[in-house]
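# Coordinate inspection notes
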Amino acid sequence: MISKYTYKHLAWIDLESPTKQEIRSIMKEYNVHPLVADELLNPTLRPKVDLYDNLIYLILHFPTVSHKHDGYAGQEVDFIIGKNFLITTHYDLIDPLHEFSKVFEVNSILDKSNMADHAGFLFFYLMRELYGNLTDELDNTRYTLEKIKLKIFSGREVKMVKVISNTSRNLLNFKQAMQPHKEVLESFERAGEKFFPKEFSYYLSAMSGEYYKIYNRMESLKEALTELRETNDSLLTTKTNEIMKVLTIAASLMLPSALVASIFGMNTQAMPFIGSGSDFWIIVGIMASGTLLMFLYFKYKKWI
């Protein structure tokens, strides 16, 4: 599906799961290199930047946690940046691109910005929208960590083991998707210095700055999650030790009774007390006395 937005001499063409015919028409209209057109047909796992005479082609993968339209943890976006056009290609619905398209419907916003100067500015503001969405994703993760912290200290350590593991997996997927951005943006900055006017160099550096904000925030959340995991594991270990202590004390208290029962359960002659009218109560009294002595000994040792 092709969506086209124009403002003055600038055009943004958004392709969602394009067909061969759609790519062929765009390639012909905007003089896109055949090698680039071939790569648009299928998703790729390798981010990259290529500089051509009339355009810059780059591929980036954006992690997603709370907005998974297709079930995957990352969304690929291909960018083709010319002097006065920007082509984006993706293979599923990406919310920030949909939100950014609304900018083109409000001309007053465009009139107050430099977005229409050339496609480089359009790419910059689009990247800022995409990174802003990643900030929202990390805010959701931070909110999850706050809930984990509250539940850990309210006695739900066991239930939090799975939640912590799932959150850790999401942050790992986020980091794996974001790591290549550093090299891609650095390569794009070098290519952009050759392709765009000199005054655009500030915006090239600013894009890397936006990336580092996201990455540092992600690392901070990872450290917080590690601390929560260690705290949860410590509380689980303490709770397990307390349970084992109670079971051990209970077994020890029952040891005298079990010993007396075993002795008087032997099939031997001349067993004391056996045969008298109060033999049962005498044996029960011996058992109770042994248990009481063990209990007093544990109290004396301050084990209970």
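Everything in this summary refers to the structure shown in the same document. (Residues numbered from 1 in each chain as written. Predicted model: local features only at pLDDT ≥ 70, side-chain atom pairs only at ≥ 80, totals over all residues. Heavy atoms only, no water.)

Here the focus is the overall build of the protein chain. For the protein chain, the helix and strand inventory stands at eight helices and six strands. Along the chain direction, N to C, the helices and strands of the protein chain fall in the order β-β-α-α-β-β-β-β-α-α-α-α-α-α. By its C-alpha atoms, the protein chain is 115 × 35 × 30 Å across when sized along the principal axes. Counting the 304 residues in the protein chain, one finds 39% classified as buried. (Helix = DSSP H or I, 4+ residues; strand = E, 2+ residues; numbered from the N terminus. Buried < 20%, exposed > 50% of the residue type's maximum accessible area, 1.4 Å probe, protein only.)

Remark: helix α6 (residues 157–195) packs on helix α7 (residues 201–264), axes separated minimally by 9 Å, with the N-to-C direction vectors making an angle of 160 degrees. Taken together, the axes of α6 and α7 are roughly antiparallel relative to one another. Two packed elements cross with a definite hand, and for α6 against α7 that hand is left-handed. For the contact of α6 with α7, the per-class residue count stands at 21 nonpolar, nine polar and 10 charged. (Axes fitted to C-alpha atoms, helices over the stretch in contact; angles between N-to-C directions. Parallel < 35°, antiparallel > 145°, perpendicular 65-115°, else oblique. Left-handed = near helix turned anticlockwise from the far one by under 90°. Nonpolar A, V, L, I, M, F, W, Y, C, P; charged D, E, K, R; others polar.)

Where a protein is soluble and globular, its nonpolar side chains tend to be buried together. Judged by nonpolar contacts, the single largest core of 53 residues is most densely connected at Phe62, Phe79, Ile81, Phe123, Met127, Tyr131 and Phe188. Non-local contacts of phenylalanine 188, meaning those with residues more than four positions away in its chain, are made with Val49, Ile56, Leu58, Ile81, Phe123, Phe196, Leu204 and Met207. Core analysis: the next-biggest nonpolar cluster, separate from the first, contains 17 residues, Ala11, Val32, Leu40 and Tyr52 among them. (Core = buried A, V, L, I, M, F, W, Y, C linked by side-chain atoms within 4.5 Å. Contact = heavy atoms within 4.5 Å.)

Along the chain, tryptophan 303 turns up in the segment after α8 (279–300). Spatially, the C-alpha atoms of tryptophan 303 and isoleucine 249 are 8.5 Å apart, while their sequence positions differ by 54 residues. Not counting residues up to four positions away in its chain, the partners in contact with tryptophan 303 are Lys245, Ile249, Tyr297 and Phe298.

Summarising the element assignment, isoleucine 249 is placed in helix α7. Counting along the chain gives 49 residues from isoleucine 249 to phenylalanine 298, while the straight-line C-alpha distance between them is 8.4 Å. When neighbours within four sequence positions are excluded, isoleucine 249 is seen to be in contact with Phe298, Trp303 and Ile304.

In this section: the pattern of salt bridges. Where charged atoms of side chains with opposite charge meet at close range, the side chains can pair. What the rule picks out here adds up to seven salt bridges. Between lysine 48 and aspartate 50 there is a salt bridge, and its shortest N-O distance comes to 3.0 Å. Linking lysine 213 and glutamate 210 is a salt bridge whose minimum nitrogen-to-oxygen distance equals 3.7 Å. Of this pair, lysine 213 and glutamate 210 both sit in helix α7, three residues apart, roughly one helical turn. (Salt bridge = Lys/Arg side-chain N within 4 Å of Asp/Glu carboxyl O.)

For the rest of this paragraph, the subject is empty space enclosed by the protein. One pass over the full model with this rule turns up two cavities of 30 Å³ or more. Size it by volume and the second largest cavity reaches roughly 40 Å³. What lines the second largest cavity is simply Phe62, Pro63, Gln75, Ile94, Pro96, Leu130, Asn133 and Leu134. When residues of the lining of the second largest cavity are traced back to their parent elements, those giving at least two are β4 (56–63) and α5 (119–152). When residues of the lining of the second largest cavity are assigned to their parent elements, the largest contribution, three residues, is made by α5. A per-class count over the lining of the second largest cavity returns six nonpolar, two polar and no charged. (1 Å grid on protein atoms, 1.4 Å probe; cavity = no way out; pocket = protein on both sides within 12 Å on 5 of 7 lines; lining within 4 Å. Points joined across faces, edges and corners; volume = space filled by probe spheres on them.)

With 22 residues, α8 extends 32 Å between its outermost C-alpha atoms, agreeing within 8% with the 32 Å of an ideal straight helix rising 1.5 Å per residue. Looking only at α8, the buried set comprises Ile283, Gly290 and Phe298. The buried residues of α8 occupy an angular sector of 75 degrees when projected down its axis, which confines them to one face. Away from its buried face, by an angle of more than 90 degrees, α8 presents the exposed residues Trp281, Leu293 and Tyr300. Contacts from the buried residues of α8 go to α7. Backbone geometry just downstream of α8 places lysine 302 in the positive-phi region, at approximately 60 degrees. (Expected span 1.5 Å × (residues − 1). Arc of directions from axis to C-beta.)

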